Amino acid sequence: MKRASRLKRATGVVLAMFLALGYFSPLQKTLRTLPDTLALTQGQVQTLNLGPQLRLVAHKGETAVSATQDETLGQVELVSETAGTSELMLSLMGVLPLKRVEVQVSPEKRLIPGGAAIGVAMRTDGVLVVGTSDLTEGASPASLCGIRPGDVLRSVNGVRIISAQQLTELIAQLGEKPLPVEYAREGAVFTTTMTPQMDSTTGTVRIGAWVRDSTAGVGTLSFYDPETSSYAALGHAITDGDTGQVLTVSQGQILRADVVAVQRGQKGAPGELKGSFLMDPQTLGDIQKNNTLGIYGRMTQAPACALYPEGLPIGLRSGVHEGPATILSTVDGTGVQEFTIEITRVNQQSAPAPKSMVIKVTDERLLAATGGIVQGMSGSPIIQDGRLIGAVTHVFVGDPQQGYGLYIDWMIQEAGQV
């Protein structure tokens with residue numbers, strides 16, 4: 001009986017080992033990592049490393065792509081020839097079908113790449129509460145009614161709030177009486193009743209909250225779409241420095257900016273581009289949208305790109321791969337320059353999300369000037385294989401030579417909605 005029990009346990013261990021080995025085998029890894037859908041544009045080439053055992057051949061649908069396979073290297077090269085949809089079949093040695101892969105080919109789209117430094121001036125929709133403080137006579141009225149840092153005050157007593165100064169004047173006018181307040185928190189809207197109090201120290205009626213209604217900074221233009229006059233920039237949201245809250249947009253502008261100084265990035269201390277744009281403001285466009293994927297709006301005139309005056313075709317996410325690439329950025333007074341980078345990791349994403357890829361700066365000129373990626377370079381367009389594939393978004397705090405990039409797919413989608 002004991003022998004049978006030991007045999008059963010040994011058999012279970014062996015089977016578990018075989019299952020584990022099978023899961024981590026190259027074939028199973030390819031099946032897991034190869035997406036069900038590949039998105040490409042006309043003329044874009046996609047190389048897949050399948051290994052010598054797997055084949056990828058046309059199955060049905062329009063002839064949108066052609067596939068050439070090097071069986072020795074185990075590589076398949078897909079060339080997107082016409083707009084349309086193709087269905088390919090992944091099989092074992094061309095005999096046993098394993099997986100269907102749909103290839104969606106979009107018509108070629110060309111964009112004017114950015115790289116120029118821009119100033120960003122934005123007024124919030126409502127006023128953002130960045131902190132609360134007690135009054136001389138007692139607790140903060142804002143805190144007592146449930147308002148906390150990160151909330152956005154939208155209206156008081158039925159009056160829409162558009163600035164911090166207007167809020168102060170309105171509270172002084174209404175005095176010490178219960179007031180209905182509408183505020184937003186994490187995308188939801190709430191109402192409460194707040195009773196301002198006279199503060200004997202200042203001699204004014206106060207609500208015990210610190211608020212902010214605007215922000216300004218420097219970033220980088222990612223691209224301009226000549227067909228729609230829309231643009232994308234930054235690749236990440238403009239957030240409040242105190243609360244980390246994504247700021248809502250009431251109105252805003254992007255402006256021409258000059259880089260006047262650079263604070264080099266170091267391990268644990270991200271650097272920064274210092275720009276000037278408010279002394280002689282030249283408005284380039286508006287800001288209609290601010291979210292985790294950047295800022296978007298329309299430009300009043302087409303920006304020039306001396307390096308790529310005719311623009312560049314886009315490269316969708318399925319064609320982005322690990323390996324050499326470049327970025328366009330402005331880090332001094334000489335204008336937009338092109339710097340070499342390496343894409344070290346590509347993340348599969350089927351829906352809009354940040355952190356699409358990991359990049360590493362390899363250009364000695366950029367490393368000497370900035371130490372790598374610094375604040376203000378966010379939005380710098382990324383180019384690979386002669387195509388615009390995305391934009392720089394964040395720097396690694398622990399390593400300024402590395403950072404994240406965002407797929408052009410998601411940015412075009414956002415720009416198309418302004």
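Below is a short write-up of the structure. (Residues numbered from 1 in each chain as written. Predicted model: local features only at pLDDT ≥ 70, side-chain atom pairs only at ≥ 80, totals over all residues. Heavy atoms only, no water.)

### Some points on the side chain of lysine 289
Along the chain, the position of lysine 289 falls in strand β22 (residues 289–291). A polar atom in the side chain of lysine 289 sits 3.1 Å from the side chain of glutamate 414. Looking at lysine 289, its side chain comes within polar contact range of the side chain of glutamine 417, at 3.1 Å. If we ignore the near neighbours within four places in the chain, the residues touching lysine 289 are Val249, Gly294, Ile295, Tyr296, Glu414, Gln417 and Val418. (Helix = DSSP H or I, 4+ residues; strand = E, 2+ residues; numbered from the N terminus. Polar contact = N/O pair within 3.5 Å; in protein donor to acceptor, adjacent residues only side chain to side chain. Contact = heavy atoms within 4.5 Å.)

### A look at the layout of surface pockets
Roughly 670 Å³ of internal volume is contained in the second largest pocket. What lines the second largest pocket is a set of 24 residues, and nearest its centre among them are Val218, His236, Ala237, Gln375 and Gly376. In terms of residue count, the dominant contributor to the lining of the second largest pocket is strand β16 (residues 209–225) (five residues). A per-class count over the lining of the second largest pocket returns twelve nonpolar, eleven polar and one charged. (1 Å grid on protein atoms, 1.4 Å probe; cavity = no way out; pocket = protein on both sides within 12 Å on 5 of 7 lines; lining within 4 Å. Points joined across faces, edges and corners; volume = space filled by probe spheres on them. Nonpolar A, V, L, I, M, F, W, Y, C, P; charged D, E, K, R; others polar.)

### As for helix α6 (residues 408–415)
Three or four residues apart is the spacing at which side chains of an α-helix point the same way, because the helix has 3.6 residues per turn. Counting buried positions along α6 gives seven out of eight residues, so the element sits mostly inside the fold. Every buried residue of α6 is listed here: Ile408, Asp409, Trp410, Met411, Ile412, Glu414 and Ala415. (Buried < 20%, exposed > 50% of the residue type's maximum accessible area, 1.4 Å probe, protein only.)

### Focus on the packing of aromatic side chains
Aromatic ring pairs are described here by two measures, namely the spacing of the ring centres and the angle between the planes. Tallied over the entire structure, the rule returns two aromatic pairs. It is arginine 185 that lies over the ring of phenylalanine 190; its NZ or CZ is 5.9 Å from the centre. (Phe/Tyr/Trp six-rings, centres within 6.5 Å; stacked < 30°, edge-to-face > 60°. Lys NZ or Arg CZ within 6 Å of the ring centre and 35° of its normal.)

### Thoughts on the nonpolar core
Among the nonpolar cores identified, the biggest contains 47 residues, and Phe223, Ile327, Met357, Ile359, Ile382 and Ile408 are the most heavily contacted of them. Ignoring sequence-local partners within four residues, the contact set of isoleucine 359 consists of Ile341, Glu342, Ile343, Thr344, Ile373, Ile382, Val392, Gln401, Gln402, Gly403 and Tyr404. Ranked by size, the runner-up nonpolar core spans 21 residues in total, among them Ala184, Leu234, Ile238 and Ile254. (Core = buried A, V, L, I, M, F, W, Y, C linked by side-chain atoms within 4.5 Å.)

### With respect to helix α4 (residues 164–174)
Of all the residues in α4, the buried ones are Ala164, Gln166, Leu167, Leu170, Ile171 and Leu174. With its buried residues spanning 155° around the axis, α4 presents them on a single face. Among the exposed residues of α4, those pointing more than 90 degrees away from its buried face are Gln165, Thr168, Ala172 and Gln173. Taken together, the buried residues of α4 touch β9 (117–132), β10 (152–156), β11 (159–160), β12 (179–185), β15 (204–206) and β16. Immediately beyond the C-terminal end of α4, within one or two residues, lies glycine 175, with a positive phi of roughly 80°. (Arc of directions from axis to C-beta.)

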